[in-house]
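Examining the three-dimensional arrangement
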Amino acid sequence: MKQYFINFRNWLKEFFLDIKIEQSLSEVEKLTVRLKELFELNESFVVALNGEWGVGKTHFWNKFIEENFTTEEERKNIAYVSLFGKDKLTDIESDIIMQVSRTAKIKGYLDNSIGSIGYAGFKVSNVLSLIPKVDFKNIVICFDDFERKSSKINSKDILGLISQFKEQKNSKVIMIYNQTEIGDKEILSDYKDKVIDYELHYKPTVEESYQTVSKRLKVFNEYPLEYLKSKGINNIRVIKRLINALNDFEFIAPKLKDNQDIEEEIVSSIITLAVVNAKYNDFDLHNTIEYVREKRFGDKKSNFLENKEIENILFLLGVNNDYFFTNDLLENINYYIKNSIINKENLVETVNQKLEQKEQRVMARKISTIYSKYNYDLKYSNESFVKDMFTLLQEAGENVVDTINSVESFMYYIEEMQKIDNDSKYKEFAIGKIKSYIDLMYETNIRELQAFGKLQKIKDFDSSLEDYINEKDNAKNQSQIKSKEDIINLFNQPIINRSWGNEPDLLASINKTTYKKYIEESPVFFSEAMSFVRWTQGFAGNSGFEEAVDRIIEAFKELSNNPEYNSKVEKALNYMIIKKEKEKED
């Protein structure tokens, strides 16, 4: 009795140990164990290996063969046939016969039975019937891509052939397919119980799919798996596309070293766009951005129809709010994703800009820290502030004002330094840097310079800066107005944009003679000038264009003195100056 309990206790230990081991196995490992158990059975069978496209079913089968059929002779017993591209059942049979005839036993039997004439002249089914059942006992046949079979072959015939190998030839058969993509599901459903003995579902985890191909990745190794897990992507084909894309950007990796924030931004864009393009062949970045804009700001927002595919794309892109904008980096990577060509020069320039901006942010924080210390640290002397601040401003380089991101703050720092140490070098230094800032703004964003009285504050800082700004304005005016087309553009931009910057000053800088010349020689200019003046009459108050409008009207009036032009010009004047005439009457 005692021995019985000992045996029972040992059995329980083994039982629960097996359960614990099984629980620790991954899904693919469990599938491998189960398949091994089936191959240990001394009987024929048909196993269906079902799974989504791209998750690695064929790869799993090949790896299983590699690990469990270790000798060359064992592998000769395995036939693999893809149904994709096969138009006739005899093509499938021929393929299998050619493969199994590699085994010494079957090859010897066929040679003895058919002789030196080979298989030509024999029906494939007859050749198959010549091979005894006993010689097929250890043969393993894999039928792959069932869902991709030709419509010219009836599914019943394929299932019949599979059944023949199992029942009449005593073979072990593996069927690999994606059940959701099979066209004639009814036939498979009707014959499943008759033909298939075991159905295994291949559902690898994201980690397992990634590990299958991760050795191909050369750079940015720490990024893909986290993203794939967050999106639940286990499709090996998609993962390969992702890895190929990252590898193509290997050249930029050294430049991103020690700049993890910029590296994360770039790598994230590569990963997300590569995955989206792999899953959606017709993906269009700009259409997606427009969709997001319409969703948030569209005129028909209440009637907005959600697009499920684009919503899935936004999920993969990580766009979890109602804002999605493009930029140079995104455009560069999107171009590569679509064309497999990298604009390396453009990308390097973009990265350099980001690195420069990062350096500017670091410097700006240092400057802000010094100023804060000057205000609140009682043990920090004024002299130390002047010394430290001037050192930092010099280290910030030519674009120090842009680094601080406020010309007002820069001028204030200089003024504070001068209060403590009345040395002219600080103002001389500041004037040079402010001129560089003015140059930059005139090239890139003149409206920002004109906003909130910023220009006047700069002029008030030193009279030499006022002269410098006037010179810039004159040069800009000359460069902007070289032809009548330039003037027409100045007419139209305020109308199109519904706002304006220095257009009133530019138009006012053009003399009456020039307006008269262009009106006379160009019907297009005549029409555009007339429309522009008419547009300015719609303002209740001053628009800033009054000086230019008066010159244009005077030019028309002088032209009306010419008898040949009088009727047309008078008609134009009547159209343009209705408002002015009414004001005179009042």
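1. Examining the nonpolar core
If you look at the biggest cluster of nonpolar residues, it comprises 53 residues, and the most contacted ones within it are Phe220 and Phe324. Here this core gets ten residues from one element, more than from any other, and that element is helix H14 (residues 260–279). Setting aside its immediate chain neighbours within four residues, phenylalanine 324 contacts Leu285, Thr288, Ile289, Val292, Leu314, Leu317, Val319 and Leu330. Listed in part, the 39 residues of the second largest apolar core include Tyr371, Tyr413, Tyr426 and Phe461.

2. A few points about the pattern of salt bridges
Applying the stated rule across the entire model yields 23 salt bridges. The closest approach of N and O atoms between lysine 457 and glutamate 408, which form a salt bridge, is 3.9 Å. Residue lysine 457 is found in helix H24 (residues 454–461), and its partner glutamate 408 is found in helix H21 (residues 407–420); the two are separated by 49 residues along the sequence. Within this structure, Asp145, Glu147 and Arg148 form a network of salt bridges that share partners.

3. Overview of H14
End to end, H14 covers 28 Å across 20 residues, agreeing with the expected 28 Å (1.5 Å per residue, within 8%). In terms of burial, H14 is largely enclosed, as 14 of its 20 residues are buried.

4. Side note on the packing of H14 against helix H16 (residues 308–317)
The N-to-C vectors of H14 and H16 enclose an angle of 150 degrees; their axes lie 9 Å apart at closest approach. The orientation of H14 with respect to H16, classified from their angle, is roughly antiparallel. Once H14 is placed against H16, the crossing between them reads as right-handed. In contact with Thr272, Leu273, Val275, Val276 and Lys279 of H14, H16 contributes Ile313, Leu316 and Leu317. Of the residues assigned to the contact of H14 with H16, the class counts are six nonpolar, one polar and one charged.

5. Here we look at the sheet that holds strand E4 (residues 172–177)
Reading across the sheet, the five strands line up as E2-E3-E4-E1-E5 and stay open at both edges, with parallel pairing between neighbours. Single-partner strands in this sheet number two, and they are strand E2 (78–82) and strand E5 (198–201). Taken pair by pair, the neighbouring strands of this sheet meet at an average axis angle of 20 degrees, ignoring direction. Relative to E4, strand E1 (residues 45–50) is paired through six bridges, and the arrangement is parallel. Among the inter-strand pairings, phenylalanine 45 is bridged to a residue of E4, identified as lysine 172.

6. Quick notes on unusual backbone geometry
A negative phi holds for most residues other than glycine; trans holds for most peptide bonds. In this structure, asparagine 170 takes a positive phi of about 65 degrees despite not being glycine. With respect to the secondary-structure elements, asparagine 170 resides in the loop between helix H8 (155–167) and E4. Positive phi is not limited to glycine here, since arginine 498 has a value of about 60 degrees. The exposed category is assigned to arginine 498, whose relative accessible area is 76%.

7. Side note on H24
Buried within H24 we find Lys454, Leu455, Ile458, Lys459 and Phe461. Seen end-on, H24 carries its buried residues on one side only, within an arc spanning 155 degrees.

8. What to know about the side chain of serine 522
Relative to the helices and strands, serine 522 resides in the loop between helix H28 (512–521) and helix H29 (523–536). You can call serine 522 buried: its relative accessible area is 8%. Of the polar contacts made by the side chain of serine 522, one reaches the backbone nitrogen of phenylalanine 525; its length is 3.1 Å.

9. Description of the side chain of glutamate 416
Following the sequence through the fold, glutamate 416 ends up in helix H21. Classification of glutamate 416 by relative accessible area gives buried; the value is 7%. When sequence neighbours within four positions are dropped, the list of residues in contact with glutamate 416 reads Tyr374 and Phe385.

10. Brief notes about the environment of glutamine 99
Of note, glutamine 99 is situated in helix H5 (residues 89–100). Sequence-wise, glutamine 99 and alanine 79 are 20 residues apart; in three dimensions their C-alpha atoms are separated by 5.7 Å. With residues near it in sequence (within four places) discarded, glutamine 99 still touches Lys76, Ile78, Ala79 and Tyr80. At 2.8 Å, the side chain of glutamine 99 and the side chain of aspartate 95 are in polar contact.

11. Topic: the packing of H29 against helix H31 (residues 566–576)
Orientation of H29 relative to H31, taken along the N-to-C sense of each, is 25 degrees, at an axis distance of 9 Å. In terms of orientation, H29 lies roughly parallel with respect to H31. When H29 is examined against H31, the residues Phe526, Ala529, Met530, Val533 and Arg534 are found in contact with a partner set consisting of Lys568, Val569, Ala572, Tyr575 and Met576. Taken together, the residues of the contact of H29 with H31 break down into eight nonpolar, no polar and two charged.

12. Side note on the confidence of the model for the protein chain
The predicted model of the protein chain averages 84 in pLDDT, with 87% of residues at 70 or higher. For the stretch residues 116–124, pLDDT sits under 50, and the model shows twelve contacts to residues farther than four places along the chain or on other chains. Confidence drops under pLDDT 50 across residues 579–586; counting only partners more than four residues distant or on other chains, this segment forms seven contacts.

Each value, and the rule that gives it
- Residues numbered from 1 in each chain as written.
- Predicted model: local features only at pLDDT ≥ 70, side-chain atom pairs only at ≥ 80, totals over all residues.
- Heavy atoms only, no water.
- Core = buried A, V, L, I, M, F, W, Y, C linked by side-chain atoms within 4.5 Å.
- Buried < 20%, exposed > 50% of the residue type's maximum accessible area, 1.4 Å probe, protein only.
- Helix = DSSP H or I, 4+ residues; strand = E, 2+ residues; numbered from the N terminus.
- Contact = heavy atoms within 4.5 Å.
- Salt bridge = Lys/Arg side-chain N within 4 Å of Asp/Glu carboxyl O.
- Expected span 1.5 Å × (residues − 1).
- Axes fitted to C-alpha atoms, helices over the stretch in contact; angles between N-to-C directions.
- Parallel < 35°, antiparallel > 145°, perpendicular 65-115°, else oblique.
- Left-handed = near helix turned anticlockwise from the far one by under 90°.
- Nonpolar A, V, L, I, M, F, W, Y, C, P; charged D, E, K, R; others polar.
- Pairing = 2+ DSSP bridges.
- Arc of directions from axis to C-beta.
- Polar contact = N/O pair within 3.5 Å; in protein donor to acceptor, adjacent residues only side chain to side chain.
- pLDDT = per-residue confidence, 0-100.

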